[in-house]
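Descriptive structure summary
In case you want the letters, here they are:
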Amino acid sequence: MKSHRCLEFSSIALAVACLTSGAVPQAYAATTTPIEHVIVVVGENHAFDNIFGTYRPHHSQTVLNLLSQGIVKENGDPGPNFHLAAQQIALQSGTYSIDPHRVGPYSKLPQPNTTYATGQPLGANDPRFPTDLKNGPFQISNYAPYDAFVGDPVHRFFQMWQQVSKGRNDLFVWVAETAGTGNHTAGNFVDETSQGALAMGFYNMNTGDAPFFKEMARHYAISDNYHQAIMGGTGANFLAIVTGDAAFYNVAGTAAVPPTSVPALGTMVSQVESPDPQPVGSNTNWYTEDGYSGGSYVNCADVSLPGIGPITQYLNTLHVKPNCLD
């Protein structure tokens, strides 16, 4: 018998070294490090602070989270630096920007939405949460049990660039209210911008939330400096984990140009994204073409395309060369 060591990763930035025992096959080759197995565990749609925002490590270890930065207290209440996480309202006009003009902070956060939460009304304001949340992170389990379902925050490519907004991290709520998940096709102006302040919620390990993750973090490694491979959501990051690269449009495995319309469906269904805002009422950040059924591909090598120029220019200021091919 021999001990097997493995390293376990999750998309919420938890790295766990685990130890199991079992018979070793005769053909099993010795590894050059103590790590013999790598297990990848993907947990969707959770930021680090959403789970580990109040985690306090043992001994001389340190962690960068909401608690260590003084943004919240151990009991989940606002801390002395709560203002650092305040969310801003912006004004988008004409073309897509990852750092649009701010017009001021929210006086209170909009009520979170149920979106697709199991057991809750579909796409409604979540009555479990108050309508006067302070402008900053709030403890979810003060209003809904830790093991209850809550809504689903925005997690898409162009939206995330705006949310992070050159490191300011102050447009998560505004993007949720103005761009949302972008589930629409050209000519269909159904507003999918009802997530409210979901992205500002966190769980509190000091009051009993996320006990399994707390136990794992106590005994093994925790990577609070983890950065996901691709700005945005699930599909692209799944592919990046497996391939180390971005997805490309293909037909039967052969690279192809994404369609701008599918006449057989009787409507415009473009698979080419355009985050430039369309003039729909007072919503100045409702993308022209975006969403799972209305645009998921873009030629990132063409800086003249909507959205590509602003992101590329910012990467240049960071001395990061975009890895894009025509």
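Residues numbered from 1 in each chain as written. Predicted model: local features only at pLDDT ≥ 70, side-chain atom pairs only at ≥ 80, totals over all residues. Heavy atoms only, no water.

1. A look at a nonpolar patch on the surface
A contiguous nonpolar surface patch, about 290 Å² in accessible area, is contributed by Phe 238, Ile 241 and Val 242. With respect to the element layout, Phe 238 can be found in helix H5 (residues 234-243). (Patch = residues over 30% accessible without salt bridge, like charges linked within 9 Å, V, L, I, M, F, W, Y side chains within 5 Å. Areas by Shrake-Rupley, 256 points an atom, 1.4 Å probe, with all protein chains shown as cover. Salt bridge = Lys/Arg side-chain N within 4 Å of Asp/Glu carboxyl O. Helix = DSSP H or I, 4+ residues; strand = E, 2+ residues; numbered from the N terminus.)

2. Let's talk about the nonpolar core
In terms of nonpolar packing, the biggest core is built from 34 residues, with Phe 52, Tyr 96, Leu 109, Phe 138, Trp 161 and Ile 311 touching the most fellow members. Of all the elements in the fold, those that place two or more residues in this core are helix H1 (48-52), helix H2 (157-164), helix H3 (172-178) and helix H6 (308-317). The greatest single-element share of this core, amounting to four residues, is contributed by H6. Setting aside residues no more than four positions away along its own chain, Trp 161 makes contact with Tyr 96, Ile 98, Met 231, Ile 311, Tyr 314 and Leu 315. (Core = buried A, V, L, I, M, F, W, Y, C linked by side-chain atoms within 4.5 Å. Buried < 20%, exposed > 50% of the residue type's maximum accessible area, 1.4 Å probe, protein only. Contact = heavy atoms within 4.5 Å.)

3. Some points on the environment of Pro 110
Position of Pro 110 relative to the elements: it lies in the loop between strand S5 (101-105) and strand S6 (138-139). Considering only alpha carbons, one finds Pro 110 and Trp 174, 64 residues apart in sequence, at a separation of 9.7 Å. Discounting residues that sit within four places of it in the chain, Pro 110 has contacts with Val 173, Glu 177, Gly 196 and Ala 197.

4. Notes on unusual backbone geometry
Here Ala 210, not a glycine, exhibits a phi torsion of approximately 50°, which is positive. By secondary structure assignment, the location of Ala 210 is in the loop between strand S7 (201-202) and helix H4 (211-219). Positive phi is not limited to glycine here, since His 319 has a value of about 60°. Within the element layout of this structure, His 319 appears in the segment after H6.

5. A few points about the state of the cysteines
For the structure on display, the rule yields one disulfide. A disulfide bridge connects Cys 300 with Cys 324, and the sulfur atoms are separated by 2.1 Å. Sign of the S-S torsion, about -120° for the bond between Cys 300 and Cys 324, identifies this disulfide as left-handed. Linking Cys 300 in the loop between strand S11 (287-289) and H6 with Cys 324 in the segment after H6, this pair joins segments that are 24 residues apart in sequence. What makes Cys 300 partly exposed here is its relative accessible area of 33%. Assessed through its relative accessible area of 26%, Cys 324 is described here as partly exposed. (Disulfide = S-S within 2.5 Å.)

6. So, the packing of aromatic side chains
Going through the model one piece at a time under the given rule, you end up with 13 aromatic pairs. On the basis of an interplanar angle of 80° and a centroid distance of 5.0 Å, the ring pair of Phe 157 and Phe 158 is categorised as edge-to-face. On the basis of relative accessible area, Phe 157 is assigned to the partly exposed category, the value being 29%. Measuring from ring centre to ring centre gives 6.4 Å for Phe 157 and Trp 161, while their planes differ by 70°; the resulting arrangement is edge-to-face. Taken as a pair, Phe 157 and Trp 161 lie in helix H2 at a separation of four residues, close to a single helical turn. A relative accessible area of 12% places Trp 161 in the buried class. (Phe/Tyr/Trp six-rings, centres within 6.5 Å; stacked < 30°, edge-to-face > 60°.)

7. Some details on the environment of Lys 214
Here Lys 214 is to be found in helix H4. When its relative accessible area of 25% is taken as the criterion, Lys 214 is described as partly exposed. Residues Lys 214 and Tyr 55, spaced 159 residues apart in sequence, show a C-alpha to C-alpha distance of 7.4 Å. The residues contacting Lys 214, other than those within four sequence positions of it, are Tyr 55 and Met 205.

8. Side note on the packing of H2 against H6
Where H2 contacts H6, the two axes come as close as 11 Å, and the packing angle between them is 50°. Viewed along their axes, H2 and H6 adopt a mutual orientation that is oblique. Between H2 and H6 lies a crossing of left-handed hand. Here Phe 157, Phe 158 and Trp 161 of H2 lie close against H6, whose contacting residues are Ile 308, Ile 311, Tyr 314 and Leu 315. (Axes fitted to C-alpha atoms, helices over the stretch in contact; angles between N-to-C directions. Parallel < 35°, antiparallel > 145°, perpendicular 65-115°, else oblique. Left-handed = near helix turned anticlockwise from the far one by under 90°.)

9. Quick notes on the environment of Ser 296
With respect to the helices and strands, the residue Ser 296 is situated in the loop between S11 and H6. Separated by 140 residues in sequence, Ser 296 and Arg 156 have C-alpha atoms that sit 9.5 Å apart. Leaving out residues up to four positions away in the same chain, Ser 296 has contacts with Arg 156, Gln 271, Glu 273 and Gly 291.

10. Examining the pairing of strand S10 (residues 274-277)
Taking every second residue as pointing to the same face, both faces of S10 are buried, with Ser 274 and Asp 276 on one and Pro 275 and Pro 277 on the other. Both S10 and S11 contribute to a ladder of two bridges, which runs antiparallel. The residue of S11 that forms the bridge with Ser 274 is Glu 289. (Pairing = 2+ DSSP bridges.)

Interpretation note: all reported values are geometric properties and have no functional meaning in isolation.
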